[in-house]
Amino acid sequence: MTSHAQTDALLLELATSIVEPAGLYLETITVRPAGRRLLVQVVVDSDGPLDLDLVARISRELDFELEEQNILGERGFTLEVT
């Protein structure tokens, strides 16, 4: 079982590896309980206007990798990328 700090580090590494190549900046990642699930909030920014299609693509990629790598364990989660 991974510790909270290890999970946070893995999340940061994963999100950075997806967000930065897309030309965006990773502002914050917040994980908190939301009922039986976790709420994972990822805030991104850019130097110019944000392309919502790009944000949606990042959200899909991040969601896929979170599931694939099982970073959050068996607990369900809701992902918000804004």
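What counts and how
Residues numbered from 1 in each chain as written. Predicted model: local features only at pLDDT ≥ 70, side-chain atom pairs only at ≥ 80, totals over all residues. Heavy atoms only, no water. Buried < 20%, exposed > 50% of the residue type's maximum accessible area, 1.4 Å probe, protein only. Helix = DSSP H or I, 4+ residues; strand = E, 2+ residues; numbered from the N terminus. Pairing = 2+ DSSP bridges. Right-handed = clockwise from strand over helix to strand, strands pointing away. Core = buried A, V, L, I, M, F, W, Y, C linked by side-chain atoms within 4.5 Å. Contact = heavy atoms within 4.5 Å.

Caption draft 1: Inspection of the pairing of strand β3 (residues 77-81) at higher detail. Judged by which residues are buried, β3 turns out to be one-sided: Phe 77, Leu 79 and Val 81 face inward and are buried, whereas Thr 78 and Glu 80, on the alternate face, are not. Here five bridges tie strand β2 (residues 37-45) to β3, and the two strands are oriented parallel to one another. Bridging from a neighbouring strand, Leu 38 pairs with Phe 77 of β3. Traced from β2 through helix α2 (residues 52-69) to β3, the parallel crossover comes out right-handed.

Caption draft 2: Up close: the nonpolar core. In terms of nonpolar packing, the biggest core is built from 21 residues, with Val 42, Leu 62, Leu 66, Leu 79 and Val 81 touching the most fellow members. Broken down by secondary-structure element, the contributors of at least two residues to this core are α1 (4-19), β2, α2 and β3. If sequence neighbours within four positions are ignored, Val 81 has contacts with Val 42, Val 44, Val 55, Ile 58, Ser 59 and Leu 62.

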